[in-house]
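Examination of the molecular architecture
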Amino acid sequence: MFKRFGTLLFYAYFGVFFLITLGLSSYFNAFHSTPPQPVPYPHVKHLQAGLQCLDCHQSANKGKYAGLPPLSFCMSCHQSVGTNLPGIKTLTEYWKTKKPVQWNRLHRIPDFVYFSHKRHVTAKTKNYPNGVPCQSCHGQVQNMPYPMRKSRSLSMGFCVGCHRQNNASLDCYTCHK
Ligand code: HEC
Ligand code: HEC
Ligand code: HEC
Ligand code: HEC
Ligand code: HEC
């Protein structure tokens, strides 16, 4: 009896502890996977308007980073498009006051990992004759309303899993230089 009570107490105590940890971690994850952005930029509307990923993330096929477009590019449309929408009013404030929009970064791998967009986006392999699509790592961005979500963890298991399926390098020094 005493023994069982002890077990019960054990589960009750750690059960609550577990729930709190779970609650905190999901709050933490939700908060961190979708940071609020200074302007409520919706990917879906822009892909529907006919823009391509590389129109805005212009260095994804040229270097390590994909990059973000300058405000002047956004204003090439938004000086006339959607000027009554709340998001465009915010955007126009940045433009008028000559302040760059400080987007919060969503995807980030640790400094000890080497990653290059160009290497993937321009790859020519059996499974990816036209490069690894953005969607393989970032999900269905073209359907995403505001805010943009992080749809993959970009963990080591994810990188290595795809490399194994594609005969790409599994050598530790490829990613940890
Ligand atoms: C009209 C310009 C535009 C187009 C087109 C566009 N994006 Fe974006 N993208 C942005 C802006 C602005 C941000 C920063 C705001 C945000 O994160 O929501 C962003 C953020 C992102 C991020 C997150 C960056 C980070 O912080 O980690 C990814 C990934 C991304 N875009 C992928 C894509 C893909 C894939 C496509 C094509 C299906 C695409 N984008 C098309 C403008 C664009
Ligand atoms: C090729 C033209 C074009 C470019 C370039 C463009 N947009 Fe848009 N944007 C649109 C269209 C079209 C809509 C949809 C308007 C509507 O719903 O009536 C839109 C909608 C938006 C909205 C939604 C407004 C709201 O409150 O619903 C935001 C915010 C926005 N754009 C921000 C940006 C940002 C930031 C950039 C630059 C990274 C950008 N746009 C570049 C055409 C463009
Ligand atoms: C093989 C996986 C993979 C593919 C394919 C990929 N990305 Fe990424 N992306 C990542 C990783 C990993 C990061 C975080 C990199 C870091 O922290 O340096 C990232 C970060 C980003 C960022 C934010 C930082 C930056 O580099 O500017 C943007 C924007 C982005 N990706 C857009 C794109 C677009 C657009 C495409 C397709 C043209 C694409 N990505 C294809 C894995 C990928
Ligand atoms: C969806 C599949 C996929 C994912 C996910 C992926 N890769 Fe790759 N990776 C490839 C392919 C395909 C190549 C090109 C192989 C070739 O050109 O022979 C490659 C090449 C590379 C290279 C260059 C290798 C060399 O031999 O020079 C590096 C570095 C790299 N990846 C790092 C990463 C990292 C870090 C991640 C995770 C953040 C990652 N990759 C996720 C498919 C992927
Ligand atoms: C294709 C790319 C890739 C290869 C190959 C790779 N790693 Fe990693 N590794 C990563 C990424 C990405 C992370 C960061 C994961 C994260 O932030 O969750 C990482 C993280 C780590 C960590 C930190 C602990 C952790 O799990 O987060 C260690 C240790 C590590 N790798 C060791 C190795 C060893 C040893 C090898 C060779 C057997 C290797 N890695 C091969 C991409 C790779």
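Since the model is a prediction, treat every value here as computed from it, not as a measurement. (Residues numbered from 1 in each chain as written. Chains lettered and ligands numbered in written order. Predicted model: local features only at pLDDT ≥ 70, side-chain atom pairs only at ≥ 80, totals over all residues.)

**A word on the overall build of the protein**
Basically, it comes down to this: The way it works is that DSSP assigns letters per residue, a run of H or I at least four long becomes a helix, a run of E at least two long becomes a strand, and they are numbered from the N terminus. To assign burial, the other C-beta atoms lying within 10 Å of each residue's own C-beta are counted, with C-beta atoms placed from the backbone; 20 or more indicates buried, 12 or fewer indicates exposed, and intermediate counts indicate partly exposed. In this description, a residue-residue contact is defined by the distance between C-beta atoms placed from the backbone, which must lie within 7 Å.
The helix and strand inventory of the protein stands at nine helices and zero strands. Listed by position from the N terminus, the elements making up the protein come as α-α-α-α-α-α-α-α-α. For the protein, the proportion of its 177 residues judged to be buried stands at 7%. Within the protein, counting contacts between residues at least 6 apart in sequence, those at least 24 apart form 58% of the total.

**Description of the site of ligand 2**
Note the following rule: What makes a residue near a molecule or strand is its C-beta atom, placed from the backbone, lying within 6 Å of it. Polar here means any residue other than Ala, Val, Leu, Ile, Met, Phe, Trp, Tyr, Cys and Pro, which are nonpolar, and Asp, Glu, Lys and Arg, which are charged; Gly is therefore polar.
In the region of ligand 2, 22 residues are neighbours, and Cys 74, Cys 77, Gly 82, Leu 85 and Gly 87 sit closest. Those elements that place two or more of their residues in the shell around ligand 2 are α2 (43–48), α4 (71–78) and α5 (86–96). Ranked by residues supplied to the shell around ligand 2, first place goes to α4 with five residues. In terms of residue class, the shell around ligand 2 is made up of 16 nonpolar, five polar and one charged.

**Things to note about the site of ligand 1**
Close to ligand 1 lie 21 residues; Cys 53, Cys 56, Leu 106, His 107 and Cys 134 are nearest. Those elements giving two or more residues to the shell around ligand 1 turn out to be α2, α3 (53–56) and α7 (134–138).

**As for the confidence of the model for the protein**
What counts, and what does not: pLDDT is defined as a per-residue confidence score from the predictor, taking values between 0 and 100.
Overall, the predicted model of the protein reaches an average pLDDT of 87, with 81% of residues at or above 70. Contacts from residues 17–32, a stretch scored under 50 in pLDDT, to residues over four places away or in other chains number zero contacts.

**Some remarks on the environment of Cys 53**
Mapped onto the elements of the fold, Cys 53 is located in helix α3. Beyond its immediate sequence surroundings of up to four residues, Cys 53 is in contact with Ala 60 and Cys 134.

**Describing the environment of Thr 122**
Looking at the element boundaries, Thr 122 is found in the loop between α6 (117–121) and α7. C-alpha of Thr 122 to C-alpha of Ala 60: the two residues are 62 residues apart in sequence and 9.0 Å apart in space. Excluding anything up to four places from it in sequence, Thr 122 contacts Asn 61 and Gly 131.

**Overview of the packing of α4 against α5**
The condition is simple: Each axis is a line fitted through C-alpha atoms, and for a helix only the stretch in contact is used; angles between axes span 0 to 180 degrees, taken between their N-to-C directions. Orientation is classified from the angle alone, with under 35 degrees giving roughly parallel, over 145 giving roughly antiparallel, 65 to 115 giving roughly perpendicular, and any other angle giving oblique. Should the near helix be turned anticlockwise from the far one by less than a right angle, the crossing is termed left-handed; should it be turned clockwise, right-handed.
Viewed as axis vectors pointing N to C, α4 and α5 meet at an angle of 130°, and their least axial separation amounts to 11 Å. In terms of axis orientation, α4 runs oblique to α5. Handedness of the α4/α5 crossing: left-handed. Contacts between α4 and α5 involve Leu 71, Cys 74, Met 75 and His 78 on the former and, on the latter, Ile 88, Leu 91, Thr 92, Tyr 94 and Trp 95. Its residues assigned to classes, the contact of α4 with α5 comprises seven nonpolar, two polar and no charged.

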